[in-house]
Amino acid sequence: MDREIEATLEALLDERRTFEPPEAFAESAFLNDPAVYSEAERDPDAWWASQAERLDWFQRWDQVLEWKPPHHEWFLGGKLNASHNCLDRHLARDGDRVAYHWIGEPGEKRTITYRALHEEVCRLANALKDMGIRKGDRVAIYLPMIPELPAAMLACARIGAPHSVVFGGFSAESLRDRINDAEAKVLITADGGYRRGDVVPLKANADEAVGQTPSIETVIVVRRTNENVPMQEGRDVDYADLVEQASPECQAEALDSEDMLYILYTSGTTGKPKGILHTTGGYLTGVSATHHLVFDVRPETDVYWCAADIGWVTGHSYIVYGPLANGCTSILYEGAPDFPDKDRWWSIIEEYGVSILYTAPTAIRTFMKWGPQYADKHDLSSLRLLGSVGEPINPEAWIWYQQFIGGGKTPVVDTWWQTETGAIAITPLPGITTLKPGSATKPFPGVFADVLDEQGHPVGRGGGGYLVLKRPIPSMFRTIYKDDARYRETYFGRYGDHIYFPGDGAKLDDDGYFWLLGRVDDVMNIAGHRISTYEVESALVDHPDVAEAAVVGRRHPQEGEAIAAFVTPKATRIGDEELAQELRAHVAKVIGKIARPHSIVFTEDLPKTRSGKIMRRLLRDVAEGRQLGDVTTLQNAPILDEIRSKANSLQGDEA
Ligand code: WT7
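Residues numbered from 1 in each chain as written. Predicted model: local features only at pLDDT ≥ 70, side-chain atom pairs only at ≥ 80, totals over all residues. Heavy atoms only, no water.

### Comments concerning the overall build of the protein chain
Under the convention used in this document: Here a helix means four or more residues in a row that DSSP labels H or I, a strand means two or more in a row labelled E, and each is numbered from the N terminus. This radius of gyration counts C-alpha atoms alone. The globule rule is 2.2 Å times how many residues there are, raised to the power 0.38. Categorising residues by exposure relies on relative accessible area from a 1.4 Å probe, with only protein chains included: less than 20% of the type maximum marks a residue as buried, more than 50% marks it as exposed, and the intermediate range marks it as partly exposed. Should any heavy atoms of two residues lie within 4.5 Å, those residues are considered in contact. Under the convention used here, a 1.4 Å probe and the Shrake-Rupley method define accessible areas, while residue burial counts only the protein chains that appear. Here Asp and Glu are counted as negative and Lys and Arg as positive; His is not counted, and neither are the chain ends. To locate a charge, the coordinates of NZ of Lys, CZ of Arg, CG of Asp or CD of Glu are taken.
Scanning the protein chain from terminus to terminus reveals 21 helices and 30 strands. Relative to a compact globule of 655 residues, whose C-alpha radius of gyration would be 26 Å, the protein chain shows 24 Å and is just as compact. Oriented by its inertia axes, the alpha-carbon framework of the protein chain measures out at about 70 × 60 × 55 Å. Counting the 655 residues in the protein chain, one finds 62% classified as buried. The long-range share in the protein chain, meaning contacts at least 24 apart out of those at least 6 apart in sequence, stands at 71%. Surface exposure of the protein chain reaches about 24,700 Å², of which carbon and sulfur atoms provide 47%. The centroid of the 69 positive side-chain charges in the protein chain is displaced by 2 Å from the centroid of its 98 negative side-chain charges.

Below you can see the structure in the form of structure tokens.
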């Protein structure tokens, strides 16, 4: 980094500055009176009901919350439809408003109005119905970031068929496992997608997956790259043909508030991903309320950009359901931030006058590394609010974001939440909250968060421990698909059925601000994405030349954590660079490129307790070049010295 910039940042950090909401911002914000917190605390059901009223209900609910710990249901008796709320209800007044400005990586542009999106969704919904898809049937979606992706989700929502979106970066095997767990009947995919100038072969992956998914009857193929992909007679159909032939009239089904909206798979501490199950009324209430109030969105004037991928929950909630429910105009960009050059995002912001940007710390740190000259080339003065999500944001990245992207004038909202919570749960309110760089600040109104110690006692201000939610929120998942026992065990095993344990460590400062400290389980956070150590280990030992493997997350300057693997090859194979390359490719094949280890250390043995449990904690110390923790329970302590000497070179490879 430039010396001058470095000095500015250091000065800012040294001041331990806090940031008041800019006066003009606070004045016009939807929320600028802190009384909202105490009101919501006094009567959370009334608060959430007032947020649910922002939606269109075919039939009003009789009861706001039924809490039978660890389960909870919201807006019981209410009937609504997510697709209707995201589309139909805007048509009369705002049908010509742009829903998405879409930008393809190679440079194409499409502008999709609410009216156009509505028509496409109705046609596709009819096509799905014609295929025999009925309420409750699951549809898998494996698409790049093209307008057909939100259209496909909303078409499913329109007829009450839960979707399961699988991130386009996942491998054929990951896709197969997710399809099989959900027993999806239809897969919607594309010939391919663009990423950093390359074509991602989605149809080839889909073909490989669908060879082993007995439930799939039909594969719908969007033409994106127009490459010549084989179409299997009787199974594969062309998306454009289908949509063209289907009727544009499709009544949205009146669904129960608790009908399933979607399943989204996320990593847990075992090799099997968890199907996080979201329902309709509570989820839509949560995402629309938080999108409205955390980003203080003005649908008439704002151009909003959540630069995540729709394949993750961030995209589900804050590219699709939240913004569309609020009738907002969004950017949808297909590709990489450095294609064709490192200023792609800033050129998009300038061209479209983006006013709200929501991204992840890993992206911000990467931009920091590239330097501010790329942003400097563009006029970013349209930005009025910045957001961050996915992992703890270090104060340095926070300040850089606010200074170099926000021009020093924008609030930065650091939002904590998870696939499970469905919507933002801990966050500043930009018209109220005094910001502290690095802190997600306070629970959103109606969210009851706390930090507990091992025994379940609140640590109080100044203390550190485990983050918990003491009361359900409407947007929260209902269970793990087909595995309620795992739901109970994973999230309520620690403190009992009334207290949700998200798996994060946290600290409360003297002002009661929350500082999130990262995962406390064997789940890594790689560039804002959740990957379990166990999944990567399983993929490694799946290779024929691997006897044993252990994986830990190691701090990484851009990506938050980097995947460090320790591998014992079988006696028949030498652990060399060639094997390392093979293993990286193997993990990419089994899980996807995002799960490839950054470093692989080959070792004859792994540090184990006397009962044979691998001590990942010690490997993490080794990977980060730290003093080793307690080694007294090890059965094979000398192996650590050997591993350490081999691992010494890890630190230097990523400045
Ligand atoms: C985990 C959830 C929520 C969408 C993206 C990730 C971490 C998320 C923050 C934040 C500190 C954060 C937590 C959480 N996390 N946002 N603002 N500050 N940590 O969704 O894959 O479900 O991961 O991401 O560890 O548990 P996810």
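Let us keep going from here.
### A short note on the site of the ligand
To keep things clear, this is the line we draw: We define proximity as follows: a residue is near a molecule or strand when any one of its heavy atoms falls within 4 Å of that partner. In the analysis that follows, any N or O atom pair within 3.5 Å is treated as a polar contact, provided that within protein one partner can donate a hydrogen and the other can accept it, and provided that, for residues neighboring in sequence, both atoms belong to side chains. An automatic or database domain assignment supplies the start and end points of every domain.
Taken together, 18 residues sit near the ligand, with Asp414, Thr415, Thr419, Asp504 and Arg530 positioned nearest. Between Gly390 and the ligand, the recorded distance is 3.1 Å, taken from a backbone N or O atom to a nitrogen atom. Between the ligand and Asp414 there is a distance of 2.7 Å, counted from a nitrogen atom to a side-chain nitrogen or oxygen. Sorting the residues of the shell around the ligand by element identifies α12 (313-325), β20 (412-415) and β25 (514-519) as the ones contributing at least two each. There are two domains that each give the shell around the ligand at least three residues, and those are domain 1 (1-81 + 277-521) and domain 2 (525-647).

### Some words on the environment of Arg16
Mapped onto the elements of the fold, Arg16 is located in the loop between α1 (3-14) and α2 (23-28). The sequence separation of Arg16 and Gln232 amounts to 216 residues, and the corresponding C-alpha distance is 61 Å.

### Section: the sheet that holds strand β21 (residues 449-452)
Backbone hydrogen bonds hold the strands of a sheet together, and the pairing may be parallel or antiparallel. The test is simple: Here, a strand pair is defined by DSSP locating no fewer than two bridges between the strands. Angles here are taken between N-to-C directions and fall from 0 to 180 degrees, while the axes themselves are lines fitted to C-alpha atoms, restricted in helices to the stretch in contact.
Reading across from one edge, β21-β22-β24-β25 is the order of the 4 strands in this open sheet, with antiparallel pairing throughout. With one partner strand each, in any of the chains shown, β21 and β25 form the two edges of the open sheet. Neighbour-to-neighbour, the strand axes of this sheet turn through a mean angle of 45 degrees, independent of strand direction. Relative to strand β22 (residues 464-469), β21 is paired through 4 bridges, and the arrangement is antiparallel. In the sheet register, Val451 faces β22, and the bridge partner there is Leu467.

### A word on the nonpolar core
Going by this rule: Residues grouped as a nonpolar core are buried Ala, Val, Leu, Ile, Met, Phe, Trp, Tyr and Cys residues, joined through side-chain atoms within 4.5 Å.
By size, the foremost hydrophobic cluster in this structure holds 153 residues, and its most contacted members are Leu117, Ile141, Leu187, Phe295, Tyr321 and Val536. Among the elements that line this core, the one with the most residues is helix α7 (residues 148-159), at 9 residues. Shared between two domains, this core takes at least three residues from each, and those domains are domain 1 (1-81 + 277-521) and domain 2 (525-647). Apart from the residues lying within four places of it in its own chain, the contact partners of Phe295 are Thr290, Tyr304, Tyr318, Ile356, Tyr358, Arg384, Leu385, Val413 and Ile424. Membership of the second largest hydrophobic core comes to 32 residues, among which are Trp345, Phe367, Ile393 and Ile399.

### Things to note about the domain arrangement of the protein chain
Put simply, the rule reads: What gets called buried area is simply the loss in accessible area from a 1.4 Å probe that two parts show on being joined, summed for both. For salt bridges, the criterion is a side-chain nitrogen of Lys or Arg within 4 Å of an Asp or Glu carboxyl oxygen.
What the domain assignment reports for the protein chain is domain 1 (1-81 + 277-521) and domain 2 (525-647). Spacing between the C-alpha centres of domain 1 and domain 2 amounts to 32 Å. Opposite the 11 residues of domain 1 that make contact, domain 2 presents 10 residues. Here domain 1 meets domain 2 over a buried area of about 920 Å², counting both sides, of which 47% is carbon and sulfur. Of all residues in domain 1, the largest losses of buried area upon contact with domain 2 belong to Trp312, Thr362 and Arg365, amounting jointly to 46% of the total for that side. For the pair domain 1 and domain 2, the interface holds 1 salt bridge. Between Glu420 and Arg530 there is a salt bridge whose closest N-O contact spans 2.7 Å. Counting across the domain 1 and domain 2 interface gives 6 residue pairs in polar contact (both at pLDDT 80 or more).

### A short note on the packing of helix α5 (residues 82-94) against α7
The line we're drawing: Should the near helix be turned anticlockwise from the far one by less than a right angle, the crossing is left-handed, and should it be turned clockwise, the crossing is right-handed. The residue classification treats Ala, Val, Leu, Ile, Met, Phe, Trp, Tyr, Cys and Pro as nonpolar and Asp, Glu, Lys and Arg as charged. All others, Gly included, are polar.
Contact geometry of α5 with α7 gives a least axis separation of 7 Å together with a crossing angle of 115 degrees. In the crossing of α5 with α7, the sense of the turn from one axis to the other is left-handed. Where α5 approaches α7, its residues Ala82, Ser83, His84, Cys86, Leu87 and Asp88 are matched on the opposing element by Leu154, Ala157 and Arg158. Grouping the constituent residues of the contact of α5 with α7 by class yields 5 nonpolar, 2 polar and 2 charged.

### Quick word on α5
The condition is simple: Multiplying 1.5 Å by the residue count of a helix minus one yields the expected span of that helix.
Along its 13 residues, α5 runs 17 Å from first to last C-alpha, staying within 8% of the 18 Å computed at 1.5 Å per residue. Within the span of α5, buried status applies to Ala82, Ser83, His84, Asn85, Cys86, Leu87, His90, Leu91 and Asp94. Turning to α5, the residues buried within the fold contact β3 (79-80), α6 (114-130), α7, β14 (260-266), α11 (281-294) and α12. Capping of α5 at its N-terminal end is provided by Asn81; its side-chain oxygen lies 2.8 Å from the backbone amide nitrogen of Ser83.

### Observations regarding the packing of aromatic side chains
Rule in force here: Put simply, two rings from Phe, Tyr or Trp (the six-membered ring, in Trp's case) pair if the centres are within 6.5 Å, and we call them stacked under 30 degrees between planes, edge-to-face over 60, tilted for the rest. Only lysine NZ and arginine CZ atoms are considered, and such an atom sits over a ring when it is within 6 Å of the ring centre and within 35 degrees of the ring normal.
Tallied over the entire structure, the rule returns 35 aromatic pairs. A ring pair is formed by Trp305 and Trp345, whose centres lie 5.1 Å apart and whose planes are at 50 degrees; its orientation type is tilted. Linking Trp305 in strand β16 (residues 303-306) with Trp345 in helix α13 (residues 344-352), this pair joins segments that are 40 residues apart in sequence. Judged by centre distance (4.8 Å) and plane angle (65 degrees), the ring pair of Trp346 and Phe367 falls under edge-to-face. Of this pair, Trp346 sits in helix α13 while Phe367 is found in helix α14 (residues 361-370), placing the two residues 21 residues apart along the sequence. Above the face of the Phe170 ring, Arg178 is positioned so that its terminal group lies 4.4 Å from the ring centre. The cationic tip of Arg494 hangs over the ring face of Phe501; the distance from NZ or CZ to the ring centre is 4.4 Å.

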